[in-house]
Structure formats: structure tokens, C-alpha cells
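Fold and contact review
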Amino acid sequence: YVNLRYAVFDRVNLTGSWFVACNLEHARFENCVLWYVVFERCELNYESILRSSPAEKNIRRRLLRVLRIKVAALVEKEAADRILLLELQAEREHLRDAVRHASDYYKERYDAVDRVIAALKLAGHYVRFLVWGYGLYVSRLMLSATALLLLLSTLASRDTFTFNVAAENQVRGLSWAESFYFCT
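Let me begin by describing the structure that accompanies this report. (Residues numbered from 1 in each chain as written. Predicted model: local features only at pLDDT ≥ 70, side-chain atom pairs only at ≥ 80, totals over all residues. Heavy atoms only, no water.)

Check the secondary structure of the chain and you find 7 helices and 9 strands. Computed over the C-alpha atoms, the radius of gyration of the chain is 25 Å, more than 25% above the 16 Å expected from 2.2 N^0.38 for a compact globule of 184 residues. C-alpha extents for the chain along the principal axes are approximately 80 × 40 × 20 Å. Within the chain, buried positions represent 33% of all 184 residues. Sequence separation of at least 24 residues holds for 28% of the intrachain contacts in the chain that already meet a minimum separation of 6. With an accessible surface of roughly 11700 Å², the chain has 58% of that area assigned to carbon and sulfur atoms. Between the mean site of the 25 positive side-chain charges and the mean site of the 21 negative ones, the chain shows a separation of 2 Å. (Helix = DSSP H or I, 4+ residues; strand = E, 2+ residues; numbered from the N terminus. Rg over C-alpha atoms; globule rule 2.2 N^0.38 Å. Buried < 20%, exposed > 50% of the residue type's maximum accessible area, 1.4 Å probe, protein only. Contact = heavy atoms within 4.5 Å. Areas by Shrake-Rupley, 256 points an atom, 1.4 Å probe, with all protein chains shown as cover. Lys, Arg positive; Asp, Glu negative; His and termini not counted. Charge placed at Lys NZ, Arg CZ, Asp CG, Glu CD.)

Another point: the packing of helix α3 (residues 77-100) against helix α5 (residues 112-132). The N-to-C vectors of α3 and α5 enclose an angle of 145°; their axes lie 8 Å apart at closest approach. Seen from above, α3 lies across α5 with left-handed handedness. Counting all contacts with α3, which are made through L88, E91, R92, L95, R96, A98, V99 and R100, the residues of α5 involved are R115, A118, A119, K121, L122, H125 and Y126. Its residues assigned to classes, the contact of α3 with α5 comprises 8 nonpolar, 1 polar and 6 charged. (Axes fitted to C-alpha atoms, helices over the stretch in contact; angles between N-to-C directions. Left-handed = near helix turned anticlockwise from the far one by under 90°. Nonpolar A, V, L, I, M, F, W, Y, C, P; charged D, E, K, R; others polar.)

Quick look at the nonpolar core now. F9, F19, L24, F29, F39 and L67 are the most contacted members of the largest nonpolar core, which totals 24 residues. Looking at this core, the elements that each hand over two or more residues are β4 (22-24), α1 (46-51), α2 (57-73) and α3. Setting aside chain neighbours within four positions, we find L24 in contact with L4, F9, F19, F29, F39, E43, L44 and N45. Counting residues in hydrophobic clusters, the runner-up holds 6 residues, among them L95, A98, Y106 and Y110. (Core = buried A, V, L, I, M, F, W, Y, C linked by side-chain atoms within 4.5 Å.)

Below, the discussion takes up the pattern of salt bridges. Opposite charge on two side chains makes pairing possible when the charged atoms of those side chains draw close. A complete count under the given rule lists 13 salt bridges for this structure. Here K57 ties to D97 by a salt bridge, and the two come within 3.1 Å at their closest N and O atoms. Remark: D97 occurs in helix α3 and K57 occurs in helix α2; sequence separation between them is 40 residues. The salt bridge involving R60 is made with E93; its shortest N-O contact spans 3.3 Å. Here E93 lies in helix α3 and R60 lies in helix α2, a separation of 33 residues in the sequence. Accessibility classification places R60 together with E93 in one group, the buried group. Here the residues in one salt-bridge network are K57, D97 and R100, joined through shared partners. (Salt bridge = Lys/Arg side-chain N within 4 Å of Asp/Glu carboxyl O.)

Another aspect to go through is a nonpolar patch on the surface. A grouping of Y126, V127, L130, V131, W132 and L141 is seen on the molecular surface, where their side chains present a nonpolar patch of about 550 Å² in accessible area. When residues in the nonpolar patch are grouped by element, the largest group, 5 residues, is from α5. Its location among the elements puts V127 in helix α5. (Patch = residues over 30% accessible without salt bridge, like charges linked within 9 Å, V, L, I, M, F, W, Y side chains within 5 Å.)

By the definition in use, this model includes 9 aromatic pairs. Both rings, one in Y106 and one in Y110, keep their centres 5.7 Å apart while their planes meet at 35°; by these two values the pair is tilted. Taken together, the ring pairs connect F9, F19, F29 and F39 into an aromatic cluster. Sitting over the face of the ring of F129, R92 holds its NZ or CZ atom 5.3 Å from the ring centroid. (Phe/Tyr/Trp six-rings, centres within 6.5 Å; stacked < 30°, edge-to-face > 60°. Lys NZ or Arg CZ within 6 Å of the ring centre and 35° of its normal.)

Axis separation between helix α6 (residues 138-156) and helix α7 (residues 176-183) bottoms out at 8 Å; the angle between their running directions is 130°. The pairing of α6 with α7 is recorded here as oblique in orientation. In the packing of α6 onto α7, the handedness of the crossing is right-handed. Contact residues: L149, L150, L152, S153, T154 and A156 in α6; W176, S179, F180 and C183 in α7. Its residues assigned to classes, the contact of α6 with α7 comprises 7 nonpolar, 3 polar and no charged. (Parallel < 35°, antiparallel > 145°, perpendicular 65-115°, else oblique.)

The structure is reproduced here in C-alpha cells:
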């Protein structure tokens, strides 16, 4: 176990470094290159690492995924949720840049088919974010469920649908209130 608790990494290129069983609890990473860095069984100063996260979206997303898995293993739910949102934001930005051919990197690596796939993945990200907030926002989930219930009730109450209601001898359409009741 290495104690680097108060170490200061200032403009250090740590590309591909592995920190194993280190105490980096109060360490500062200032303007460091953190490409493909792995922290294994380490105590970390997450804020400092997040401030030095790479500008490249795909590499930032990978670093954030490593940090999120580490934080989740330590059962720090709030920090894990925050890092998850940052990771998903980096992934959305990466997909958006792939769709738009934002730089030479994306022009070289993403042809028309890859751009369409990236656009579909990006649309899926936005739908998941808006509909249920990646499972982090219960209010969005409740709002989406309510909207779906109202939509189904409205569709069921249309005159084009007929139902055989129990205790009645005839087939008829439902009122909106009846359809709402039966949809729940």
C-alpha cells in the first residue's frame, strides 16, 4: 500500500499508468494527461481527477467509467450517480461529434454507416434521459408512466374501439374515465 495522500501531480503525463493500492485521498491532479489511467484498490480525490479529465470525449468517457465502477464498489451512491451522469454526457458528446464529423478524428474513423449508427445511439440516449432519466430521477419515471397511462386511456376511449363490459349485455365504447380505470 503506497501512501501518496498529499502528492501533487502538476502537468504530468500519466498516460497508461496503473495506480494499484495507493492512497490518493488528498492528492491533486493539476493539468495532467490522464489517458487510459487505471486506479485499482485506491482511495481517490475524485474532484481533482475530474478537473483533469481528458478533453477527448471517448477517452474521458473511459476514465469516468473506471472511476464510476470504483466509486460504486465503495458504495458511494451519490458520487457514483454524479460520475455516471458525467460519463453519459461524455458519451452523448462523443456520439454527437461522430454524427457531425466534428474533427479529423471522426472523419477518419466514422463512415456513413457508422454515423447513422451513432445517430441512432444518440437518439436512444436522449429518449432514455428524457423518459426515465437513466433511472436516477424517479420524478421523470413517474411523469413518463403517467403520460403513458393518459395516452393509453385516451386511445381506449376512442369510438373506434369497442369493449364487452362485464355485467352488460352489449358491446360499447368506454368513456375516458372508464378507460383510465381499466388501464390502471
